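# An overview of the molecular structure
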Amino acid sequence: MYYSQFLSRVCMPHAVLLQPKESWNSSKSNDEIIVGHCTKVPRNSNLEKLRSGYLFPEISRHESEHLQKNPDASLIRLGIGDTTQPIPDTITLAMAEQVRGLSTIQGYRGYGAEQGNMALRKAIAGKFYQDMGIKANEIFVSDGAQCDISRLQMLLGSNVTVAVQDPSFPAYIDSSVVVGQAGELEEETGKYGNIIYMNCGPENDFFPDLSTIPRTDIIFLCSPNNPTGHAASWQQLKQLVEFAEANGSIIVHDSAYAAYIRDGSPRSIFAIPGAKEVAIEISSFSKFAGFTGVRLGWTVVPEELLYSNGFPVIKDFNRIVCTCFNGASNIAQAGGLACLSTDGYHDLCKVIDYYMENAKILVDGFTSLGWKVYGGKNAPYIWVHFPGMSSWNVFAEILKKTNIVTVPGRGFGPAGEEYIRVSAFGQRQNILEAIRRLNSFL
Amino acid sequence: MSLMNNLSTSMISSSSSTFLAPTSFNSRTQSVSVPLKNINIVKCVATPQEQQNAYKTKVSRNANIAKLQAGYLFPEVARRRAAHLLKYPNAQVISLGIGDTTEPIPDVITSAMSKRSHALSTLEGYSGYGAEQGEKALRAALASTFYRNLGIEDDDIFVSDGAKCDISRLQVVFGSSVTMAVQDPSYPAYVDSSVIMGQTGQFQKDVEKYGNIEYMRCTPENGFFPDLSKVARTDIIFFCSPNNPTGAAATREQLTQLVKFAKDNGSIIVYDSAYAMYMSDDNPRSIFEIPGAKEVAIETSSFSKYAGFTGVRLGWTVVPKQLLFSDGFPVAKDFNRIICTCFNGASNIAQAGGLACLSPEGLEAMQEVIGFYKENTKIIVETFNSLGFKVYGGKNAPYVWVHFPGRNSWDVFSEILEKTHIVTTPGSGFGPGGEGFIRVSAFGHRENVLEACRRFKQLYN
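How each quantity is defined
Residues numbered from 1 in each chain as written. Chains lettered and ligands numbered in written order. Predicted model: local features only at pLDDT ≥ 70, side-chain atom pairs only at ≥ 80, totals over all residues. Heavy atoms only, no water. Buried < 20%, exposed > 50% of the residue type's maximum accessible area, 1.4 Å probe, protein only. Helix = DSSP H or I, 4+ residues; strand = E, 2+ residues; numbered from the N terminus. Contact = heavy atoms within 4.5 Å. Domains from an automatic or database assignment. Buried area = accessible area lost by both parts, 1.4 Å probe. Salt bridge = Lys/Arg side-chain N within 4 Å of Asp/Glu carboxyl O. Pairing = 2+ DSSP bridges. Axes fitted to C-alpha atoms, helices over the stretch in contact; angles between N-to-C directions. Polar contact = N/O pair within 3.5 Å; in protein donor to acceptor, adjacent residues only side chain to side chain.

Turning to helix 6 (residues 136-146) of chain B, a few remarks are in order. Among all positions in helix 6 of chain B, only L138(B), R139(B), A141(B), L142(B) and A143(B) are buried. Its buried side turned inward, helix 6 of chain B meets strand 2 (157-160), strand 10 (315-318) and helix 12 (348-357) of chain B.

Right under this line is the structure:
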């Protein structure tokens, strides 16, 4: 996140070995040419296709720069969706207990199953997939959805075609580029040539018009959606499953915000009949339990999901998990189990309520200022429309004038232009203060 | 079937992996080409008729993964262990196979993790997302503990959830168009991740090697250091020292040769130093002790075998600023991008533990546990020596590499398991250069190691 600027370099194979310190100091100007040994290893051309840093470190960078210029600024962070409320005691007590156990002969645990502790897998199945026919052995515990997305991409390989919502969580596109699926970036549209962008806006109720979407192998769908906040209805998801069935596609359904649903919309793609044959679901304890730093998530790969040659996807995913991963931390997993206990879950719902109350304040606040606001009802994100304006400019203006960090919609894809994402994580007083500042500014 | 499930859930560390395996232990010839054996993965195995009617997507299977010949090595060892326990439910199985730590984590380390856990329940102590590269204090502590005076700076260090994960992330950075070299035998993750990334050709059954990988044979004859004059140029060279599985530790001269080789060839060394703290001899513990290494090497390491963090999950990778791709672009910049996109940081609780590991008290405590495992290693070495075996390793690593000349290593593995209820790891699992060897790992409670040695003596006397 705080990575220094890099200087251009000239490679001279027999150059004198440099003393490291001064040359790589980030305060040096960009014009400096450094002489040094270059390996003959070609840079991965896929990584060259990424034009900027990952979105959220970029937001952090802007934040830091702003703070450098305004050291006394009282920053309110409604940008990166980072949880702020303490984790309920029941859960941290369970983690501390697991930790203490590690210092004893009876309680010490070494390598765990790469797929996760069976008790946790069963608890996830029982809590979230009751009556959906998802079994514990179809659940793979991980260190978070962001990591799982990339492992899924490694699984799928470079030869598959991909569709994403526009706007969408940047990891789907970025990981697709990294793995070599995405094709070239088209400067005028800001889109990668091989990716299908499924426009999601107010005009289509933030759900893609599938009749206009060409077939791709993989379809990423996030619901409740980051950044728009839209929770797909049962009907919409049924449509999607049918679309996938008709096209022989695989849906990767991101349900990281399912716990925020208030209106009875489906919390899992597997609530839809037939989904097990066409979908993978990823999810996370991050926003559900404040585990953004603790690191815990899961992916569901049903046994029924088959490649075109009949080979079960779950077998290959298992191979990836066993080869490229070594299991989530057993401490985090102990915490996860406590999250799914009656008390733990009850306490977590209270925290979610707290964030959703923040969301309501933000929705009301922006609405009363005359802005068209979306989301905020089934997700901790508000999607505010600034018609005709560049989202990075609005982001910069808001930051400069009110010291509030948001996220420019363009960061989530071309269709995010004209929008700002405001996240509802934060201390109540900061949310209220933010609204006060926005009132004066906007 | 349900008994199998119960067993696998409680017993094995890698319970649900499928594996193409011989159906009987003594029928293994060259390679495996038998039907899939489903253990706990797909409970309801469809009959051929049902499978024909089962809905299939139109998504092609990733051809790279299809190249893999079998499951990852260690889940397969675990599977065999489970099968053995089914056969002999009362057997006192002793596991000297998977290199899994067994001794409790010292209090100084767990108390820091406990403290961090509790703090997460307070307003002042709560932290959400951490820097993907790791907490500053930990990066600084790693730099000063392991890389003091080697010119490696805090921000050259990237904290992770373990070396195995880092290996794959490095492969993602390098992409499918690079060529790679590995020691033969070697830790299977290097080859397997290379196959998955699409860097390799097909598996060649006759030589048991994947096409397009340069296998650098390491044998007793060459002191387990490859004859670099015979090694073709590759972009990437994976090198592990102290070595898993052979236990060999490269000398300063050897590593200087290796760095020169990489420099001359414009290659990048990925140096795995996960066992550096087990070094008894006066060999380099970091590749960066070799002048010039910063321009040609990445180093990856782990808290797993130092602090018993195999389940806690913490490691790190060093990518020096001086390491450049052929076009001058810094490798660290791309690695950073991968970390920020494909990862979200190691667990903050594990990192708190890591920091405690590197305090003076923590380091002392780790040395004690490492000393304990080294004593185990000594006992195992002495046992096999006394039985007349040619034994390698064991001095600078917690692995003993025992030679069974002319014998198939899976057969020896099976024989040992069947006759003594001891789990080891067959050398061929680490590559064709491992054939004829067995790896015995020295992690275990003392009494189990002593008992295992008694049984070895009984079997081989």
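Back to the write-up after that little detour.
Turning our attention to the domain arrangement of chain A. Residues and elements named next belong to chain A. Entries for chain A in the domain assignment read domain 1 (55-86 + 344-441) and domain 2 (89-342). Centre-to-centre, using C-alpha coordinates, domain 1 lies 25 Å away from domain 2. Surface buried jointly by domain 1 and domain 2 totals about 2800 Å² across both partners, of which 60% is contributed by carbon and sulfur atoms. Inspection of the domain 1/domain 2 interface yields 1 salt bridge. For R262, the salt bridge is made with D353, and the minimal N-O distance between the two is 3.0 Å. For the side of domain 1 that touches domain 2, the elements supplying multiple residues, two or more each, are helix 3 (55-69), helix 12 (342-368), strand 13 (372-375), strand 14 (381-385) and strand 17 (419-423). Looking at the side of domain 1 that touches domain 2 element by element, the count peaks at 9 residues for helix 12.

This brings us to the sheet that holds strand 2 of chain B. All names here are of chain B. One open sheet accounts for 7 strands, arranged 2-10-9-8-7-3-6; its pairing is mixed. Across the chains shown, the open sheet's two edge strands, defined by having one partner strand only, are strand 2 and strand 6 (213-217). Across the sheet, the mean angle separating the axes of adjacent strands is 20° when strand polarity is ignored. Bridge analysis of strand 2 against strand 10 gives 4 bridges, and the strand direction is antiparallel.

Further remarks concern the interface of chain B and chain A. With 118 residues of chain B at the contact, the number on the chain A side is 111 residues. The largest per-residue losses of area from chain B upon contact with chain A belong to Y55(B), Y129(B) and R337(B), which jointly make up 8% of the total buried on that side. At the boundary of chain B and chain A, one finds 4 salt bridges. Close ionic contact of D316(A) with R61(B) constitutes a salt bridge, the shortest N to O distance being 2.7 Å. For the pair chain B and chain A, the number of links is 50 residue pairs in polar contact (both at pLDDT 80 or more). If you list the elements that add at least two residues to the side of chain B that touches chain A, you get helix 5 (107-119), helix 7 (163-174), helix 8 (188-197), helix 9 (252-265), helix 10 (304-307), helix 11 (331-342) and helix 12 of chain B.

All names here are of chain B. By the assigned domains, chain B splits into domain 1 (69-103 + 363-460) and domain 2 (107-358). If you average the C-alpha positions of domain 1 and of domain 2, the two centres end up 25 Å apart. The interface of domain 1 with domain 2 comprises 31 residues on the first partner and 43 residues on the second. Interface of domain 1 and domain 2: buried area, both sides summed, is about 3100 Å²; carbon and sulfur atoms make up 61% of it.

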